[in-house]
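Residues per chain are reported as follows:
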Amino acid sequence: MLMVLGYNIGPLLAQGMLGLINGAFYALLSLGLAVIFGLLNIINFAHGALFMLGAVVSWMLLNWIGIGYWPSLIIAPLIVGAFGVLLEKVFISKLYKLDHLYGLLLTFGVALIVEGLARNQFGSSGMAYAVPDSLRGATKLGFMIMPTYRAWVVVASFVVCISTWLILEKTPIGATLRAATENAALVQSFGVNVPRLVTLTYGAGVALAAFAGVMAAPVYSVNPNMGSNVIIVVFAVVVIGGMGSILGSILTGFGLGLLEGFTKYIYPEGSGVVVFVLMIIVLLLRPAGLFGKVS
Amino acid sequence: MEISRRKLLGTVTTAAATTALPMSRARAQAKPVFKLGVLNDQSGPYRDTGGITSVICTKQAVEEFSSLMQGYTVEVVTADHQNKPDVGASIARQWFDRDGVDAILDVPNSGVALAVSAVAKEKNKVHLNTGAATSDLTGVQCNENFISWNYDTWMLAQSTGGATVKAGGDTWFFITADYAFGHKLEGDTTALIKSAKGSVKGSASYPFPGTTDFSSFLLQAQSSGAKVLGLANAGGDTINSIKQAKEFGLTMDIAALLMFISDVKALTLEVAQGLHLTESFYWDLNDGTRAFTNRVKSKTPDNWPNMSHAGCYSGSLHFMKAINKIGATAAKASGKAIVEAMKSLPTEDDAFGKGSIRQDGRSLFPSYLFQVKKPSESKGTWDYYKLVQTTPAEQAWRPLKDGGCPFIKA
């Protein structure tokens, strides 16, 4: 069998594939964070909790009202996004003029409250969420068995990530939004309602987190702690990619998933820290991140 | 009469002092209060296997025993150790030094339990563990202020591991939580596999806590060619491992070495059916366990007691029996004296039946190997286990001589 650096190529390919799947979640989550930070300058620490809320809402939709996975993929992000809009209106909008730290503390508090309430309601063992019938089964790839659902996760998140990037970079709405963050007063003078635009952007970033949550529900159990496990890694992804860089967060998300996947194969004990080791190296060599602009 | 401010203040102070005096004398004559501190994970991965249900079961014991308390009362306090040994140890210190806690119960997470056990010994208080698994607690790390109530890694390895090996599973691959508990469970099971002439093909230790995706380790397990996947982990990690093993079509037998009934509920019977697991308590085991569960289930309807929770009930009852034996004054003075009294008394209650506590602090009860029911066999939520095998108390636990407990040699 073909060898790379003393390792069989088969298992390496398999680990790479698994890494990409996890990377898909990192990319989706860091994308939302990057949108919120890049356009609103808010370090949204509640992102993990909102990811969890996406999964929990999809579980509630299924078990309480009988709404299945596919409609949930739209409805749950809408519900959680609406919650985000409320959050922005009531709290976050008051903080734009203050230091980043205030936003971080506020959203961190929100995360603790949301997670605490969920734990109180649902416990910590988690709830099962079945894979939708149409995505059940698995395909033999020769070097591994690929569950259909996981393949779907990679494809769907890739499409969502690229669409988001295109909307922000290549459409008039995206252009207006970027302009508004550069000079709000000027854009407002053109008749654009900037505060509403900003609120909706926060809502959209939150909806992205919730979308990732719905995607994650069948893979991991729906668990009130699922967000806090992933949020720190996702922040590292954003820092490595360059705070606020949309494309950077997407590429870094998938890339770090791969790196983590290989580490799990070569030295499993190190898989929890490898991302942070890389983060330190990047911060030392390129403080603005791999894709960030030096201001 | 004119009353000056100074006079008024003086009168009020004297009045307060005179009324306070008899009160403080009354307090001196009041019954001593013993405090049981339930210290466990109330917000993380082990919340459901311990958490608030452990507190409820401890309070249940106090309530049931209240008429039998001879000249003392008992209070229950509780705290969250967040699975951090330093947090656990500092709460223990604060409880012992400042809050007058006499015994700490539950303490899941072997790392935290080892830390708390050292503090309890230093302060001469009691650590009554029902939540941590490492058999080192009654082995090389044992002390005279410690009792382990309901399970340990050796007993789990012997029961679940032993049954798996007996059924032909002689080659293993482990997925192990990278801390004291995971390594001890893997070690105890490995010793058993080797003694049965089996072999271990490999293992992957993953960072704990914080790992949610186990697919990478599952693929490594599959490609190792081993027949059995040994899960040396617990709680949410075990749930995710099993769930993802099904997803990736793993063809190996799965030995979930530590699994609780709440894990089965979270997995659903559809996924968990057929798995073997070991507990020393199950609500539907006999009349006693059913009676106990009936008394507490309305207080914890979403999380019926498992062996850890039942251990808090049973251990607290026995703790109070020991106080009755040596008297409240002697018990207040020395945790070691309470533990000695607990060891000298046979145990008996609804949850665990009759049992005893060995010199090294190991409680001796039978262990039960269960198989998870098929959905068609279950009558509803919580009706999950079929009893496969009972290991009597004499065989269920590591023999005293093999533990290496230092004060036993002395």
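Residue positions within a chain follow its written sequence, with the count starting from 1. Labels follow written order: the first chain is A, the first ligand is 1, and so on. The model is predicted, so local features are restricted to residues of pLDDT at least 70 and side-chain atom pairs to those at 80 or more, both for listing and for counting; the totals for chains, interfaces and linings are taken over all residues.

Draft legend 1. Spatial organisation of the overall build of chain B. Put simply, DSSP marks the helices as runs of H or I at least four residues long and the strands as runs of E at least two long, and each gets a number from the N terminus on. Regarding its fold elements, chain B presents 16 helices and 15 strands. Whereas a compact globule of 410 residues would reach a radius of gyration of roughly 22 Å, chain B reaches 24 Å, a difference of no more than 12%. Overall size of chain B, expressed as C-alpha extent along the three principal axes, is 100 × 50 × 40 Å. When burial is assessed residue by residue, chain B has 56% of its 410 residues classed as buried. The quantity called the radius of gyration is restricted to C-alpha atoms. Its globule counterpart is 2.2 Å times the number of residues to the power 0.38. Exposure classes come from backbone-placed C-beta atoms, where a residue is buried if 20 or more other C-beta atoms lie within 10 Å of its own, exposed if 12 or fewer do, and partly exposed in between.

Draft legend 2. View of the overall build of chain A. The helix and strand inventory of chain A stands at 11 helices and 4 strands. Relative to the 2.2 N^0.38 estimate, which gives 19 Å for 295 residues, the radius of gyration of chain A is 19 Å and therefore close to what a compact globule would have. With respect to the three principal axes, the spread of C-alpha positions in chain A is 65 × 50 × 35 Å. Think of it this way: build a C-beta for each residue from its backbone, and any pair within 7 Å is a contact. Counted over contacts in chain A with a minimum sequence separation of 6, partners at least 24 positions apart contribute 76%.

Draft legend 3. Region of the structure containing helix α2 (residues 47–65) of chain A. Between its first and last C-alpha, α2 of chain A extends 26 Å over 19 residues, near the 27 Å set by a 1.5 Å rise per residue. In terms of burial, α2 of chain A is largely enclosed, as 14 of its 19 residues are buried. Expected span of a helix: the number of residues minus one, times 1.5 Å.

Draft legend 4. Layout of the sheet that holds strand β8 (residues 228–232) of chain B. Residues and elements named next belong to chain B. Here, any two strands with at least 2 DSSP bridges between them count as paired. With parallel pairing, the 4 strands of this open sheet are ordered in space as β7-β6-β8-β9. In the strand order of this sheet, the two ends are held by β7 (199–206) and β9 (253–256), each with one partner. Strand-to-strand twist in this sheet, taken as the mean axis angle between neighbours without regard to direction, amounts to 20°. Two strands pair when backbone bridges link them, and β8 and β9 are joined in this way by 4 bridges, in the parallel orientation. To get an axis, fit a line to the C-alpha atoms, keeping to the stretch in contact for a helix; angles then go from 0 to 180 degrees between the N-to-C directions.

Draft legend 5. Geometry of the domain arrangement of chain B. Residues and elements named next belong to chain B. Annotation of chain B at the domain level lists domain 1 (33–151 + 285–366) and domain 2 (154–279). Computed from C-alpha coordinates alone, the two centres of domain 1 and domain 2 are separated by 28 Å. Every contact between the two is made by 18 residues of domain 1 and, on the other side, 18 residues of domain 2. Here the element with the most residues in the side of domain 1 that touches domain 2 is helix α4 (residues 110–122); it accounts for 3 residues. The source of the domain bounds is an automatic or database domain assignment.

Draft legend 6. Up close: the environment of Ala209 of chain A. All names here are of chain A. Note that Ala209 resides in helix α8 (residues 194–216). Remark: the alpha-carbon pair of Ala209 and Phe51, spanning 158 residues in sequence, is separated by 4.6 Å. Once residues within four sequence positions are removed from consideration, Ala209 is found in contact with Leu29, Gly32, His47, Leu50, Phe51 and Gly54.

Draft legend 7. View of unusual backbone geometry. All names here are of chain B. The residue Asn124 is not glycine, and still its phi comes out positive at about 55°. Looking at the element boundaries, Asn124 is found in the loop between α4 and β4 (126–129). For Lys197, which is not glycine, the phi torsion reads 70° and is therefore positive. Checked against the element boundaries, Lys197 lands in the loop between α6 (180–195) and β7. Residue Lys197 is classed as exposed on the basis of its C-beta count, with 8 C-beta atoms lying within 10 Å.

Draft legend 8. Representation of the interface of chain A and chain B in the model. At the interface, 29 residues of chain A touch 34 residues of chain B. Among the secondary structure elements, those contributing two or more residues to the side of chain A that touches chain B are α1 (9–40), β4 (145–147), α9 (226–241) and α10 (246–266) of chain A. Counting residues per element, the side of chain A that touches chain B draws most heavily on α1 of chain A, at 5 residues.

Draft legend 9. Here's a closer look at the sheet that holds β4 of chain B. Residue and element names in this part refer to chain B. An order of β2-β1-β3-β4-β5 is seen for the 5 strands of this open sheet, with the pairing classed as parallel. Edge positions in the sheet fall to β2 (73–80) and β5 (146–148), since each of these pairs with one other strand and no more. If you compare each strand with its neighbour and ignore which way they point, the axes differ by 20° on average. Direction of pairing for strand β1 (residues 33–40) relative to strand β3 (residues 103–106): parallel, over a ladder of 4 bridges. Residue pairing for β3: Leu39 is matched across the bridge by Asp106. Helix-sheet contacts for helix α12 (residues 307–326) involve β1, β2, β3 and β4, and the interaxial angle to β3 is about 155°.

Draft legend 10. Representation of the packing of α9 of chain A against helix α11 (residues 274–285) of chain A within the structure. All names here are of chain A. Between α9 and α11, the shortest axis-to-axis distance is 9 Å and the interhelical angle comes to 25°. Taken as axis vectors, α9 and α11 run roughly parallel relative to one another. Classified by chirality, the crossing of α11 by α9 is left-handed. Facing Val233, Ala236, Val239 and Ile240 of α9, the residues of α11 in contact are Val275, Phe276, Leu278, Met279, Val282 and Leu283. When residues are grouped by polarity, Ala, Val, Leu, Ile, Met, Phe, Trp, Tyr, Cys and Pro land in nonpolar, Asp, Glu, Lys and Arg in charged, and all others, Gly among them, in polar. Its residues placed into classes, the contact of α9 with α11 shows 10 nonpolar, no polar and no charged. An angle below 35 degrees is read as roughly parallel, one above 145 as roughly antiparallel, one from 65 to 115 as roughly perpendicular, and any other as oblique. The hand of a helix crossing depends on one turn: near helix anticlockwise from the far one by less than a right angle means left-handed, and clockwise means right-handed.

Draft legend 11. Fine view of the environment of Ala113 of chain B. Residues and elements named next belong to chain B. Secondary-structure assignment places Ala113 in helix α4. On the neighbour-count criterion, Ala113 (30 C-beta atoms within 10 Å) is buried. If near-sequence neighbours (up to four positions away) are discounted, Ala113 is found in contact with Val107, Asn129, Ala132 and Leu137.

Draft legend 12. Local environment of the packing of α9 of chain A against α10 of chain A. All names here are of chain A. The geometry of α9 relative to α10 is characterised by a closest axis approach of 8 Å and an angle of 125° between their N-to-C directions. Classified by the angle their axes make, α9 and α10 are oblique. α9 and α10 meet at a crossing whose hand is right-handed. Between α9, through Val237, Val238, Ile240 and Gly241, and α10, the contact on the second element is made entirely by Gly248, Ser249, Leu251, Thr252, Gly253 and Leu256. Taken together, the residues that form the contact of α9 with α10 break down as 5 nonpolar, 5 polar and no charged.

Draft legend 13. Layout of the environment of Gln359 of chain B. As for its position among the elements, Gln359 of chain B is in the loop between β12 (353–357) and β13 (363–364). If we ignore the near neighbours within four places in the chain, the residues touching Gln359 of chain B are Lys343, Leu400 and Ile408 of chain B.

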